[in-house]
Amino acid sequence: MKYISEFRQQGLAQQLAKAIAQTVDPDRHYRLMEFCGGHTHAIFRYGVQDLMPDNVEFIHGPGCPVCVLPTGRIDNAIQLAGQHDVILCTYADLMRVPATGRNSLLKAKADGSDIRMVYSTQDALKIARENPERQVVFFAIGFETTTPPTAVIIQQAQAERLANFSVFCNHVLTPAAMQAILDAPQPVSSAIAPGIALPPASMQSIDAFLGPSHVSTVIGSQPYETFAEHYAKPIVIAGFEPLDVMQSSLMLIRQLNEGRCEVENEYSRAVTRQGNLKAQALMQDVFELRPQFEWRGLGLIPNSALQLKASYADFDAEQRFNMPAIQASDVKGCECPAILRGAKKPQDCKLLGTVCTPENPMGSCMVSSEGACAAYWSYGRMRG
């Protein structure tokens, strides 16, 4: 099977668009939140929104791990690299995320801090082996998708007794963020009469969710079942390709029309109900829940992130360097926090495309390859 071209066929896309147009209730407005930055980029790269009826709307959620990381954690990393003479290793997307005072990891590197971009967790471990006289810290971020590789290098570091290696852990959990979105006030019904203007986005409800793809390959579809049951919101685990998104949207629309609230798995070629049990075991061995963690746009969410267990405390950078909690604000006027919780869209931000560009980002949503603002910029959707 061709896993890319078969899911980008124009003829099938037109058939799905026709099926969706025939299925929607013209007296209803459908608000579907895609919970993954990969979905956001697929929607705009392939013009999926343009194939939808006017009353089907995609809402961008907090599915970008770089975007949801609060400014204070970037400040922590910059401070660590500057004050403790460590080699700080991290992924490319984090290098240009604005920190306090328009600083960034990239600017800190230019100022002399030893900050290195890596392509994998193993790269960071290799740097530690090659520099035994220096402390090496891996700035770990991501949802459940990238957590198992971090667990592996922590186990390896312990087995090799690498005393100069530690991890600044910022791994966060998707179900907790979904619950935070669902627990937020949503007072307005999606059923509206024809011709009635919609209220501001911050006051509209979310009808259903396109569940994340890569995350679900790890955790499976089972963790979402309680949300569908308790909050009465349909969820469809959706693949990344345009036909995946369209088919998943059709499945959600059918659920809404029929009054069903179930978890369905459109991405069955990669996702099972139980998920990747080996990856889950790795995570459970190395990590435990943090009591609470700050998310950009969502605030403090209990049990929403991971920290190293006591048995691996020697490799916890926060403990090794006694890193303080830093409270920091976003750039004034940047709507990235509201965009991440689905209250606004990128075109609602006055900074977008003016002072905020990929070369001069004001917020993380413009920096990350999964950010909603980056999608609007890259695919010419600046005006919606």
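Here the structure is shown first, and the text comes after it.
Note that the structure is a prediction, hence the values are computed from the model and not measured.

(A) How the structure looks around the pattern of salt bridges. For the structure on display, the rule yields 15 salt bridges. The closest approach of N and O atoms between E318 and R290, which form a salt bridge, is 2.5 Å. Residue E318 is found in helix 13 (residues 317-320), and its partner R290 is found in the loop between strand 10 (287-289) and strand 11 (292-295); the two are separated by 28 residues along the sequence. Both residues of the pair, E318 and R290, count as buried.

(B) Highlighting the nonpolar core. Residues L88, L94, L105, F139, F209 and W295 are the most contacted members of the largest nonpolar core, which totals 69 residues. Excluding residues within four positions of it along the chain, W295 makes contact with P62, V68, F143, V172, L173, A177, I301 and S304.

(C) The arrangement of the packing of aromatic side chains in detail. Under the criterion given, the structure shown has six aromatic pairs. Arranged with centres 5.9 Å apart and planes meeting at 65°, the rings of F35 and F209 form a pair that is edge-to-face. Remark: F209 occurs in strand 7 (residues 208-211) and F35 occurs in the loop between strand 1 (30-34) and helix 2 (37-45); sequence separation between them is 174 residues. Accessibility assignment for this pair places F35 and F209 in one class, buried. On the numbers, 4.7 Å between centres and 55° between planes, the contact of F44 with Y376 is tilted. Placement of the pair is F44 in helix 2 and Y376 in helix 16 (residues 372-378), with a sequence separation of 332 residues.

Each value, and the rule that gives it
- Residues numbered from 1 in each chain as written.
- Predicted model: local features only at pLDDT ≥ 70, side-chain atom pairs only at ≥ 80, totals over all residues.
- Heavy atoms only, no water.
- Salt bridge = Lys/Arg side-chain N within 4 Å of Asp/Glu carboxyl O.
- Helix = DSSP H or I, 4+ residues; strand = E, 2+ residues; numbered from the N terminus.
- Buried < 20%, exposed > 50% of the residue type's maximum accessible area, 1.4 Å probe, protein only.
- Core = buried A, V, L, I, M, F, W, Y, C linked by side-chain atoms within 4.5 Å.
- Contact = heavy atoms within 4.5 Å.
- Phe/Tyr/Trp six-rings, centres within 6.5 Å; stacked < 30°, edge-to-face > 60°.

Read these as layout, nothing more, since geometry by itself doesn't imply function.
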